[in-house]
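Below are the chains, spelled out letter by letter.
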2 protein chains.
Amino acid sequence: MVLTSHGAATGVSAAAPALHWGAPDAATRGPVVATLTDPRHRNAIGTHAGGYSVYRALAIAAGSLTADFRADLTNTAPSDAIGPHPQWGDAGKIVSLDPWGHMVGEAFARELAAGIDVRPTIAITRAHIDMPEIRDAIRAGRLKIDGDIIGPKGDVRVTKAAIDPVWYLPGIAERFGVSEGRLRRDLFEYTGGMFPELVTRGDLKVFLPPIGGMTLYMFGDVSKIGDNVTPLACRVHDECNGSDVFSSDICTCRPYLAHGIELCVEMAQKGGTGLVVYNRKEGRALGEVTKFLVYNARKRQEGGDLPDTYFKRTECVAGVQDMRFQELMPDVFHWLGIRRIDRFASMSDMKFNALARAGIDVVERVPIPDDLIPPDARVEMEAKVSAGYYGAGFQSQYDRTQGRGLKE
Amino acid sequence: MVLTSHGAATGVSAAAPALHWGAPDAATRGPVVATLTDPRHRNAIGTHAGGYSVYRALAIAAGSLTADFRADLTNTAPSDAIGPHPQWGDAGKIVSLDPWGHMVGEAFARELAAGIDVRPTIAITRAHIDMPEIRDAIRAGRLKIDGDIIGPKGDVRVTKAAIDPVWYLPGIAERFGVSEGRLRRDLFEYTGGMFPELVTRGDLKVFLPPIGGMTLYMFGDVSKIGDNVTPLACRVHDECNGSDVFSSDICTCRPYLAHGIELCVEMAQKGGTGLVVYNRKEGRALGEVTKFLVYNARKRQEGGDLPDTYFKRTECVAGVQDMRFQELMPDVFHWLGIRRIDRFASMSDMKFNALARAGIDVVERVPIPDDLIPPDARVEMEAKVSAGYYGAGFQSQYDRTQGRGLKE
C-alpha cells in the first residue's frame, strides 16, 4: 500500500501530460488529469466530483462499480459554446476552475485518442424553469410571456452550467497573500490530514478539492454574455438550503434569488442577458450544523435577537463571521469573459469589492425590494446594512428590530 | 511534517477518550473527538463540517482564523429533545451518524470540563417556513390556517435538524457486505488518496467523510415522533438543486417535495406528526456535472429522450444508475426512534426496500399526483414506474412519452 506518491526529480511522471496553467491555448495548457483509471497519467491532486468521490469509492468497495470504468462521453458536449476568452490565458485571473473544463472533447482530443482519461469538470446544458415567483411576476404584469425567453406556459428558457472546483495552488496562494508551501501545509493539516500529496508533491500544482462547486443559470442569447456590449443583469447567490428550498423566513436568500432571476429575465427580454451564479457554500461556507447552532445562540441570547449582535454570534461559534472567500468568486466572470455587470442584484460589499479588485465594473447595484424582506429577516438586513452593505433606499428600523424568540 | 499517524499497540492515544460505538449510554459510548485543536484527543479520522473543513483550512492559511480557535457553544443546545432511543444502543442500526451528536453539552459534560474539544455533529433549531406551494394549498382550501401548525400569515412552524455524517467503519462495511479492510483501502485509494489514516489507523473506527449531510424538517409535536403511536407522514428527499430551487421541469423533485410537505402539515394538523429528510446527494450522489452530461446524452441520442433509455444514459456516463446507497438512509429513522411510517410520500422501491430491511413499516405509499408531474418529467416517471417504482394510480403513457430536444 502506497500512502502517498513522491515526485520524481523531473516532476510529474513522464506518462502524465504536462500542465501549464494560464497558457493561452489548450494545446500548450494541457489537460487536467485527475481520474484514477491509470494513476501514471495523473497530473493533479484529488479527483473528480468533489465530495461525491467518496460515494464513488464506496460503489467500488461495494462491488457495484469497477475501478477501471471509463465514461462514455457520447453526446455530452456543451449545448452552448463558452469561450475561449483572453482571460483564460492569465494565470492570475482564473485559479479556482478549469477554463477548458467543458471543452475536453475538442481541446484534448489528441490526449483522449492516446488513451488518457480526461474528464470534463464543467457541463453545459439547457432547461426550462418554472418558478412560482416568476409566475407571480407574470400574473402581476411585471413580466410578459414572449414565446421565447418565457415560453407559452410561463416557463423560462435557460442555459445552465455545472462547474466543479479545480484549484491552481500557486494562484490560490497568491490570491490570499500566503506562500504556496504554507497553503499546502495548512490545507493538509487543518482538514485532518487530507491528501498528503499536498505536501509531498510540490510538482503537482493543481488540486481538485472535495467541496461543492457552482451552477450558472444563463438567460437570453448566451453567445452575447461576455461581449461587454450587451447589457447584463446578474445575481451571485451563495446557497442557503433553508431559504432557497424551504423558504425559511429568517433570511432574504430565496426572495433575493427570485428577484435576481426576475431582473435577469427582464434584461433578456429587452435584448440583454442574465446570469445567476449559484455557489455551494451553505451557511457562509461554515455548513448547516454551525448555522443552526448560531440561530439558537441568536434567539436565546440575553436581550433577544438584535442587529447589534448578529455577526458576533457567528463569530463566537465559528471563529469568523464568514468563510465564503469572495476572493475566488470573480473567477467565473473571467471564465465568461465578463468585464461589466450592468445590474447587480446584490447588496454585499464583499462581493462588490471582490469584483472591483478583479477589474469587473458594476454599473448599478439593485437592493432587494423592501416588501420582499421576510419578517424575521430584518435582523440580518439591519445588521448587514449597518456593517457596510449597500442599502440605497433601504428603510432602516435598526432600533426597532428584534427577531422572533426560539420557541415563538 | 507527519504525513500520517500510526496507532500505538494499545490503540488510540491514552489522552483520547475511548469510543465504544453502539454502547447503550453516553458515558460508555464516549464522545467522538474529531477537532484539531489538540490532536492527542482525537479518536476519529477526518474532521467536522464535511467538505467545509477545506474552507476552514483556507481560513487558517489566510490568517483569518487561528488554528486553536474553540467554539463558544453558549445557548446553542437543541431547541427540542430527540432521544435517547433504544436504537442508539445497537451498533448495527446506526452507522452513518452520531446519535449523541446533538447532546454533546450534556452527554459529555465531563470530557468538555476536562478540556476535550467535543463538537456537535447535529444541531436542532426552530423555524417558520413560507413556501409558495403551501400558500397555494391554503388558497385552494386543501390546508387551513390554524394559528399553530400554520401561523396567521400562512407560515408553517417547523423544528429542523442539521446532521453531519459520522461513519462507524465496521458497521458501514457490514452494511455493504465487505470487509472493513477492503472498505478502508477502497475509500482511500479511489478518492485519490484521501486520509491515509483510513489504512494506517485500524484502531480508529470512526470517520467523518467530507460529504454533505442531511437536514430534517419536523412538523407537529416533535416529542411524539418516534412514539410509534402518533401517525407519521414522511418524505425522504434527495437533493436536486435544479428542481428544488430553480423548478426545472425535467424531473418531479420539487413538486414531490412540496407535496410531501403538504402531507406532513396535514398530518400534523390532525394531531399526527410529519418528517421531511433532505439528503445532500445531488444527482443521485453523482454530482451535478455528471447530471448535466447525462441530460445532454439523453436529449441528443438517436430516437430522442425516451423512457426506454433513461437509466442507460446515466450508466454510460457514470458506470452505475445511482450512487445514493439507500442502505444508509434508514439510520436517521432509528435515530428518531421510528418503527412505522403511516404515509410515505415516495414511489422509490429502493427507499421502500431499504426501510423494510431495517425493520421500519411503511403503511401507505403516496405517489405524486399526476397533475404535479411537469411536462418534461414524464420520461423519468415512465422509466421509473416501468423499472419497479410504486405507481398505484399512475396513468402510464409509456409508448407516447418523449422528452424535449436539447434546443427546444
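Presented here is a report on the structure given in the accompanying data block. Treat the numbers as computed from the prediction; the structure is a model and nothing was measured.

For the pair chain B and chain A, the superposition axis carries a translation of 0.0 Å, the fit reaches an RMSD of 0.0 Å, and the rotation angle comes to 180°. Here the transformation between the copies is reduced to the relation of a two-fold axis. Comparing interface residues between copies, 100% of those in chain B also sit at the interface in chain A, which points to an isologous, same-surface contact.

On the chain A side, the residues contacting the 125 residues of chain B number 125 residues. Roughly 10600 Å² is buried in total at the junction of chain B and chain A, and carbon and sulfur atoms are behind 65% of that figure. Broken down residue by residue, the surface that chain B buries against chain A is led by Tyr55, Tyr190 and Phe246 of chain B, which jointly contribute 8%. Glu239 of chain B is the salt-bridge partner of Arg280 of chain A, the closest N and O atoms lying 2.8 Å from each other. Our count for the chain B to chain A interface comes out at 40 residue pairs in polar contact (both at pLDDT 80 or more). No other element matches the 10 residues that helix α2 (residues 52-61) of chain B contributes to the side of chain B that touches chain A.

Strand pairs in the sheet, formed through backbone hydrogen bonds, run parallel or antiparallel to each other. Residues and elements named next belong to chain A. With respect to topology, seven strands assemble into an open sheet ordered β2-β3-β6-β8-β7-β9-β10, the strand pairing being mixed. Since the sheet does not close on itself, it has two edges, and those belong to β2 (122-129) and β10 (361-365), each with one partner. Looking at each pair of strands side by side, their axes are set apart by 25° on average, direction ignored. Strand contacts of helix α10 (residues 253-269): β3 (156-163), β6 (214-219), β7 (232-238), β8 (273-279) and β9 (340-344), with the helix running at about 160° to β7, the strand carrying the most contacts. Strands in contact with helix α15 (residues 349-357) are β7, β9 and β10; relative to β10, the strand with the most contacts, it is inclined by about 150°.

This part is about the pattern of salt bridges. Residue and element names in this part refer to chain A. With the rule as written, the count across this model stands at 68 salt bridges over all chains. With a closest N to O distance of 2.7 Å, Glu262 and Arg142 form a salt bridge. Remark: Arg142 occurs in the loop between α5 (132-139) and β3 and Glu262 occurs in helix α10; sequence separation between them is 120 residues. When its relative accessible area of 10% is taken as the criterion, Glu262 is described as buried. A residue is classified by how much of its surface remains accessible, and Arg142, at 48% relative accessible area, is partly exposed. Across the pair Glu382 and Arg378 runs a salt bridge, and its minimum N-O distance is 3.6 Å. Of this pair, Glu382 and Arg378 are both found in helix α16 (residues 378-386), four residues apart, which corresponds to roughly one turn of the helix. Taken individually, Glu382 and Arg378 each receive the classification buried, so the pair is uniform in this respect. A network of salt bridges, in which partner residues are shared, links Asp249, Arg298, Lys299, Asp305, Asp376 and Arg404.

As a further point, take unusual backbone geometry. Of the consecutive residues Gly83 of chain A and Pro84 of chain A, the connecting peptide bond is found in the cis state with omega at 0°. Mapping Pro84 of chain A onto the fold places it in the loop between α2 (52-61) and α3 (104-107). Look at Asn75 of chain B: it is not a glycine, yet its phi comes out positive at around 70°. Secondary-structure assignment places Asn75 of chain B in the loop between α2 and α3 (104-107). Not every positive phi belongs to a glycine, and Ser247 of chain B is a case in point at roughly 55°. Relative to the helices and strands, Ser247 of chain B is located in the loop between α9 (241-244) and α10 (253-269).

A word on the environment of Gly105 of chain B. All names here are of chain B. Looking at the secondary structure, you find Gly105 in helix α3. The exposure class of Gly105 is partly exposed, given its relative accessible area of 48%. With 27 residues separating them along the chain, Gly105 and Pro78 place their C-alpha atoms 9.8 Å apart.

Moving on: helix α12 (residues 288-300) of chain A. Residues and elements named next belong to chain A. The first and last C-alpha atoms of α12 sit 18 Å apart over 13 residues, in line with the 18 Å expected at 1.5 Å per residue. Across the 13 residues that make up α12, a large majority, 12, are buried. Within the sequence span of α12, burial applies to Glu288, Val289, Thr290, Lys291, Phe292, Leu293, Val294, Tyr295, Asn296, Ala297, Arg298 and Lys299.

All names here are of chain A. Across the interface, helix α6 (residues 169-176) lies against helix α7 (residues 180-189) with an axial gap of 8 Å and an inter-helix angle of 100°. As summarised for this structure, α6 and α7 are arranged roughly perpendicular, according to the angle between their axes. Judged by residue contacts, Leu169, Pro170, Ile172 and Ala173 of α6 engage Glu180, Leu183, Arg184 and Leu187 from α7. Class assignment of the residues belonging to the contact of α6 with α7 gives a composition of six nonpolar, no polar and two charged.

Let's shift gears to the side chain of His259 of chain B. Among the secondary structure elements, His259 of chain B is positioned in helix α10. Not counting the four nearest positions on each side in its chain, His259 of chain B is found in contact with Val366, Pro367, Pro369 and Leu372 of chain B.

Formed by 69 residues in total, the largest nonpolar core has its most connected members in Trp167, Leu183 and Leu187 of chain A together with Trp167, Leu183 and Leu187 of chain B. Counting residues per element, the ones that place at least two in this core are α2, α6 and α7 of chain A together with α2, α6 (169-176) and α7 (180-189) of chain B. When residues no more than four places from it in sequence are discounted, the contact partners of Trp167 of chain B are Val54 and Leu58 of chain A together with Val95, Ser96, Ile172, Leu187, Lys205, Val206, Phe207, Pro209, Ile211 and Leu328 of chain B. Counting 50 residues, the second-largest nonpolar core is a separate cluster that includes Val265 of chain A together with Leu143, Val265 and Met267 of chain B.

This paragraph deals with the side chain of Ser96 of chain B. Residues and elements named next belong to chain B. Here Ser96 lies in the loop between α2 and α3. Among the polar contacts made by the side chain of Ser96, one reaches the side chain of Asp331 at a distance of 2.8 Å. Sequence-distant contacts of Ser96, that is, excluding residues within four places in its chain, are made with Pro165, Val166, Trp167, Ile172, Leu328 and Asp331.

All names here are of chain B. Residues Asp349, Lys351, Ala354 and Leu355 constitute the buried set of helix α15 (residues 349-357). Two or three places before Met350, at the opening of α15, Ser348 has a side-chain oxygen 3.2 Å from that residue's backbone nitrogen. A positive phi of about 80° marks Gly359, the residue just after α15.

Time to look at the packing of aromatic side chains. Scanning all chains against the criterion turns up 20 aromatic pairs over all chains. When the centroid spacing of 3.7 Å and the interplanar angle of 15° are considered together, the rings of Phe246 of chain A and Tyr217 of chain B count as stacked. Taken as a pair, Phe246 of chain A in the loop between α9 (241-244) and α10 and Tyr217 of chain B in strand β6 (residues 214-219) lie in two separate chains rather than in one. For Phe246 of chain A, a relative accessible area of 0% gives the class buried. Here the aromatic residues Trp167, Phe195 and Phe207 of chain A are joined through ring pairs into a cluster of three or more. The ring of Phe352 of chain A carries Arg365 of chain A above its face, with NZ or CZ at 3.8 Å from the centroid.

Okay, the environment of Ile360 of chain B next. Residue and element names in this part refer to chain B. Structurally, Ile360 can be placed in the loop between α15 and β10 (361-365). In this structure the C-alpha to C-alpha distance between Ile360 and Leu372, which are 12 residues apart in sequence, comes to 28 Å. Other than its neighbours up to four places away in sequence, Ile360 contacts Pro330, Phe333, His334, Ile338, Arg339, Arg340, Ile341 and Leu355.

This next bit is on the sheet that holds strand β4 (residues 167-168) of chain B. All names here are of chain B. On the basis of which strands lie adjacent, the open sheet formed by three strands has the order β1-β5-β4 and mixed pairing. Edge strands, defined here as strands with exactly one partner in the open sheet, are β1 (45-46) and β4. Relative to strand β5 (residues 206-208), β1 is paired through two bridges, and the arrangement is parallel. Along β5, the bridge assignment pairs Gly46 with Leu208.

Scoring rules and cut-offs
Residues numbered from 1 in each chain as written. Chains lettered and ligands numbered in written order. Predicted model: local features only at pLDDT ≥ 70, side-chain atom pairs only at ≥ 80, totals over all residues. Heavy atoms only, no water. Least-squares fit on C-alpha atoms with pLDDT ≥ 70 in both. Contact = heavy atoms within 4.5 Å. Buried area = accessible area lost by both parts, 1.4 Å probe. Salt bridge = Lys/Arg side-chain N within 4 Å of Asp/Glu carboxyl O. Polar contact = N/O pair within 3.5 Å; in protein donor to acceptor, adjacent residues only side chain to side chain. Helix = DSSP H or I, 4+ residues; strand = E, 2+ residues; numbered from the N terminus. Pairing = 2+ DSSP bridges. Axes fitted to C-alpha atoms, helices over the stretch in contact; angles between N-to-C directions. Buried < 20%, exposed > 50% of the residue type's maximum accessible area, 1.4 Å probe, protein only. Expected span 1.5 Å × (residues − 1). Parallel < 35°, antiparallel > 145°, perpendicular 65-115°, else oblique. Nonpolar A, V, L, I, M, F, W, Y, C, P; charged D, E, K, R; others polar. Core = buried A, V, L, I, M, F, W, Y, C linked by side-chain atoms within 4.5 Å. Phe/Tyr/Trp six-rings, centres within 6.5 Å; stacked < 30°, edge-to-face > 60°. Lys NZ or Arg CZ within 6 Å of the ring centre and 35° of its normal.

Remember that the coordinates give geometry; whether it matters functionally is a separate question.
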